[in-house]
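# A closer look at the structure
Residues per chain, in single letters:
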Amino acid sequence: MFKLYIISISIFLILSLYWILKIVKSSFWLKKNQILNFEKKRFPIKFMVLIPVLDEGKIIENTVRYFSDLVMNYPGSKIILITTEKEFDINNAVSEKNTVVVSKKIKEKFKNIEVIHYPLRDGNMASQVNYAVHSLEKKLPKNSTLLFSLYNADSRPDIKSFEWVASENNRNSSTQVYQQYGNYLGNIGSILNRNLFSRSILISGSSWQNRWSLGFEIPHSLEQYKVSKKSVHLYPLNYCIGHGLFFTKNIFDKLGGFSEGMHNEDAIFGLKLSYLREEIKPIPYFDLSFSPDNLKGLFFQKASWFFGPVQAFDYYNVIKKDKNTIKRSLLFILSLKLFSHAIYWTIGPLVFTLIFYYSVLQNSLLYYLLFLLTFFLYLVLPNYLSYICTNPRNICKLKILSYIFIGSIPFYFIHGVAGWMSFFKYIASKTTGLKIKKRKTIMFD
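The rules behind these values
- Residues numbered from 1 in each chain as written.
- Predicted model: local features only at pLDDT ≥ 70, side-chain atom pairs only at ≥ 80, totals over all residues.
- Heavy atoms only, no water.
- Helix = DSSP H or I, 4+ residues; strand = E, 2+ residues; numbered from the N terminus.
- Buried < 20%, exposed > 50% of the residue type's maximum accessible area, 1.4 Å probe, protein only.
- Contact = heavy atoms within 4.5 Å.
- Areas by Shrake-Rupley, 256 points an atom, 1.4 Å probe, with all protein chains shown as cover.
- Lys, Arg positive; Asp, Glu negative; His and termini not counted.
- Charge placed at Lys NZ, Arg CZ, Asp CG, Glu CD.
- Pairing = 2+ DSSP bridges.
- Phe/Tyr/Trp six-rings, centres within 6.5 Å; stacked < 30°, edge-to-face > 60°.
- Right-handed = clockwise from strand over helix to strand, strands pointing away.
- Axes fitted to C-alpha atoms, helices over the stretch in contact; angles between N-to-C directions.
- Parallel < 35°, antiparallel > 145°, perpendicular 65-115°, else oblique.
- Left-handed = near helix turned anticlockwise from the far one by under 90°.
- Nonpolar A, V, L, I, M, F, W, Y, C, P; charged D, E, K, R; others polar.
- Salt bridge = Lys/Arg side-chain N within 4 Å of Asp/Glu carboxyl O.

Check the secondary structure of the protein and you find 15 helices and 8 strands. In terms of its C-alpha atoms, the protein occupies a principal-axis envelope of roughly 70 × 55 × 55 Å. Taken over 445 residues, the protein has a buried fraction of 55%. Across the protein, the fraction of contacts at a sequence separation of at least 24, relative to all contacts at a separation of at least 6, is 82%. Carbon and sulfur atoms make up 61% of the accessible area of the protein, which amounts to about 20,900 Å² in all. The averaged location of the 30 negative side-chain charges in the protein is 6 Å from the averaged location of its 55 positive side-chain charges.

Next up, the structure:
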């Protein structure tokens, strides 16, 4: 048992070093690329900003106003609000919160807004986006540079984001996909209003997600430029996330749009791109996004996101049926890499709990110190560094460190339990054939 304990401690410490190095490296890359001069002139490019909405009546007008300002220098650009018939299952037609009703009113206030209504109740976000893109096909200008950009209603991308994409696209028009990564501290003000326990867990959760952006998503995106074209099976798995995603109509058609049969449409989109070795150009500016400001919302957000990696081999089975799928070994390796994240997600908190339990059983200062060292280096320090690197507000950093210290273990436990719950739901769906119902995250309590 002692050997297993030491091995587990050692693995966590090695992973701690890995996370810290990746976070620091990404931070330097961001700073370097943000200070590089890029052309800030008007390029002949049009942006179609796709915003699928459901129960977003309270915030959607502010969202439209924000994005309208971002694309105002690109004539012909539009904000596309994609409503859904499912809205009426949540808010009736006379409700002030009904996004369908609110969107129609907003359209009258702004000239560059278009509302597309998905007419079915049984679709998902992928269904809304696919329907909107196909609806726009006949209206799209021919022989012009056009990019779709997919965002959430609570997204607030950096004001330089569209300028950078326009400049980069002008410099290298062969790139078909750009990805902006999330900074999930957009609503830290409301989170700080919670009681100490909830506040600590929620800040730990937001910082953990930023840690994922800095320590995994950006590094993997940068690794694609280091791999030799001859090293087919070493090509990195690149994640796509469903906000801050820019893509061309050509790549949308090549991938057959977003997969509507999967719980999370962005995970399989990224897997397809990685398999096709399509460049996913990282954007060196964040999308300032919101995190749940309540524990229930945090739990179910994690439970929903877990389906991204756990369905990896479902993606494999879908993609391998495509007539253009030739290198199935590469596809299998990439799918395995994606699935491994589901293993880390569930096993990590479980092993961490066993380390704590064994340390308590030994009731020795040495074991307590080993556990505290592991806890601080694996959970606290990388999360705190991620917060420091993405901090949108001038809040006392010592206080934030104390919140992360208090909240990291309960957050990690919530993270793991949410994954296990979704894993059992996934197994049950496979054995019964029943579809897993996707629930909307409760962002605000």
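Take the sheet that holds strand 2 (residues 78-84) next. Across a sheet, paired strands are connected by hydrogen bonds in the backbone, their directions being either parallel or antiparallel. Strand order in the open sheet made by the 8 strands is 3-2-1-4-7-6-8-5, with mixed pairing throughout. Pairing within the sheet leaves two strands with one partner each, and these edge strands are strand 3 (113-118) and strand 5 (156-157). Sheet topology places strand 1 (residues 45-52) next to strand 4 (residues 145-150); 6 bridges connect them, and they run parallel. In the strand pairing of strand 4, Ile45 is matched with Thr145.

This next bit is on the packing of aromatic side chains. Under the definition given, this model contains 45 aromatic pairs. Aromatic pair Phe12 and Tyr378: ring centres 4.8 Å apart, planes at 75 degrees, arrangement edge-to-face. Of this pair, Phe12 sits in helix 1 (residues 2-35) while Tyr378 sits in helix 14 (residues 365-390), and the two are 366 residues apart along the sequence. In terms of burial, Phe12 and Tyr378 fall into one category: buried. With centroids separated by 6.3 Å and ring planes inclined at 90 degrees, the aromatic side chains of Trp164 and Tyr178 adopt a geometry described as edge-to-face. Here Tyr178 lies in strand 6 (residues 177-183) and Trp164 lies in helix 5 (residues 161-171), a separation of 14 residues in the sequence.

Below, the discussion takes up the pairing of strand 3. The pairing of strand 2 with strand 3 spans 6 bridges and is parallel. If you follow Ile82 over to strand 3, its bridge partner there is Ile116. The handedness of the strand 2 to strand 3 crossover, carried by helix 3 (residues 99-109), is right-handed.

The N-to-C vectors of helix 10 (residues 295-305) and helix 15 (residues 397-432) enclose an angle of 50 degrees; their axes lie 8 Å apart at closest approach. Taken as axis vectors, helix 10 and helix 15 run oblique relative to one another. In this structure, helix 10 crosses over helix 15, and the sense of that crossing is right-handed. On helix 15, the residues that touch Leu298, Phe299, Phe300, Lys302, Ala303 and Ser304 of helix 10 are Phe411, Ile414, His415, Val417, Ala418, Met421 and Ser422. Split by residue class, the contact of helix 10 with helix 15 holds 9 nonpolar, 3 polar and 1 charged.

It is worth spelling out the packing of helix 9 (residues 265-275) against helix 12 (residues 312-320) at this point. It is at 10 Å that the axes of helix 9 and helix 12 come closest, and there the two elements cross at 55 degrees. Comparing their axes, helix 12 and helix 9 come out oblique. The interaxial crossing formed by helix 9 with helix 12 has right-handed handedness. Mapping the contact onto sequence places Ala267, Ile268, Leu271 and Lys272 in helix 9 and Ala312, Tyr315, Val318 and Ile319 in helix 12. Split by residue class, the contact of helix 9 with helix 12 holds 7 nonpolar, no polar and 1 charged.

Time to look at the pattern of salt bridges. Across all of its chains, the model carries 12 salt bridges by this definition. Residue Glu85 is joined to Arg121 by a salt bridge in which the shortest nitrogen-to-oxygen separation is 3.8 Å. Of the two residues, Glu85 sits in the loop between strand 2 and helix 3 while Arg121 sits in the loop between strand 3 and helix 4 (125-136), which places them 36 residues apart along the sequence. Between Asp314 and Lys430 there is a salt bridge whose closest N-O contact spans 2.8 Å. Pair noted here: Asp314 is in helix 12 and Lys430 is in helix 15, with a separation of 116 residues, a long-range link. Via salt bridges that share partners, Glu61, Arg65 and Lys109 belong to a single interconnected network.

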